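Take a look at the letters that make up each chain.
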Amino acid sequence: GRIGFYHIKVKMPKQLIPFIPFMYNKKLYFPYGEFESHVTSEEIKLLIAERIPFEVKLGVYFTGRLNLFADYIKELYKIKEDADPESMDYTISKLLMNSLYGKFAQKRTHEKIVIPKNPQEIVDQNLKPYYEELGIYKKEEQSRSNFILPYISAYITSAARCVLYKKMRTKG
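It should be emphasised that the depicted structure is a prediction, and the values quoted were computed from it without experimental measurement.

Here is what the cut-offs are and how they apply
Residues numbered from 1 in each chain as written. Predicted model: local features only at pLDDT ≥ 70, side-chain atom pairs only at ≥ 80, totals over all residues. Heavy atoms only, no water. Helix = DSSP H or I, 4+ residues; strand = E, 2+ residues; numbered from the N terminus. Rg over C-alpha atoms; globule rule 2.2 N^0.38 Å. Core = buried A, V, L, I, M, F, W, Y, C linked by side-chain atoms within 4.5 Å. Buried < 20%, exposed > 50% of the residue type's maximum accessible area, 1.4 Å probe, protein only. Contact = heavy atoms within 4.5 Å. Pairing = 2+ DSSP bridges. Axes fitted to C-alpha atoms, helices over the stretch in contact; angles between N-to-C directions.

**Overview of the overall build of the protein chain**
Next, step 1: Counting its secondary structure elements, the protein chain contains 5 helices and 8 strands.
Next, step 2: Written out in order from the N terminus, the α and β elements of the protein chain read β-β-β-β-α-β-α-α-β-α-β-β-α.
Next, step 3: Taken over the C-alpha trace, the protein chain has a radius of gyration of 22 Å; the compact-globule value for 172 residues is 16 Å, which it surpasses by more than 25%.
Next, step 4: Each principal axis of the C-alpha atoms in the protein chain carries an extent, and together these give about 65 × 45 × 35 Å.

Quick look at the structure:
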């Protein structure tokens, strides 16, 4: 199968563990019934395996597949597995794996804390009060990073959610 992202309409039956996400008012739900959602090919495979009716409204898939960080993650995972959970090796390997994921999920827009040199900077840079009593302001900035790739983290999250669902189903 190809890795892809899809906009679907699904009829999720009332079951113990619904697994298709639905975003409403910036909150994530896992409802029953008929609704539209955005899913990955991992969730599509699970819908097919569970024989849940769905319709693909729109989709995009990747024609190739690279295991960009397979060796790096395998090495860190082995360090973590072999280490005492209280050790620095365990903590550092876990943090490095989580940080790699987090870098891809990072938001393009972020706030920067600024201490203006003079009052005119507040107006010129459209600064917003942060801790105004101390002369500290904030401004919104756009990151120019080439490593903000949310589709990688979205796919990882989806795949992890599917693995978790399968494990919960086998446990009854």
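After presenting the structure, the write-up continues.
**Description of the nonpolar core**
Across soluble globular proteins, nonpolar side chains show a tendency to be buried alongside one another.
Next, step 1: Membership of the largest hydrophobic core comes to 15 residues, with the highest contact counts inside it found for I8, V10, M12, F19, I20 and L47.
Next, step 2: Among the elements of the structure, β1 (4-12), β4 (33-40), α1 (41-49) and α5 (150-170) are those that each provide at least two residues to this core.
Next, step 3: Ranked by residue count, the leading element in this core is β1, at 4 residues.
Next, step 4: If we skip the residues at most four places from it in the chain, F19 touches M12, F30, E43, L46, L47, E50, I52, R161 and Y165.

**Here's the deal with the sheet that holds strand β7 (residues 128-131)**
Next, step 1: Ordered by their spatial adjacency, 3 strands build an open sheet running β6-β8-β7, and the pairing between neighbours is antiparallel. Taken across any chain shown, the strands that pair with only one partner, and hence form the sheet edges, are β6 (109-114) and β7. Adjacent strand axes in the sheet meet at a mean angle of 45°, parallel and antiparallel pairs treated alike.

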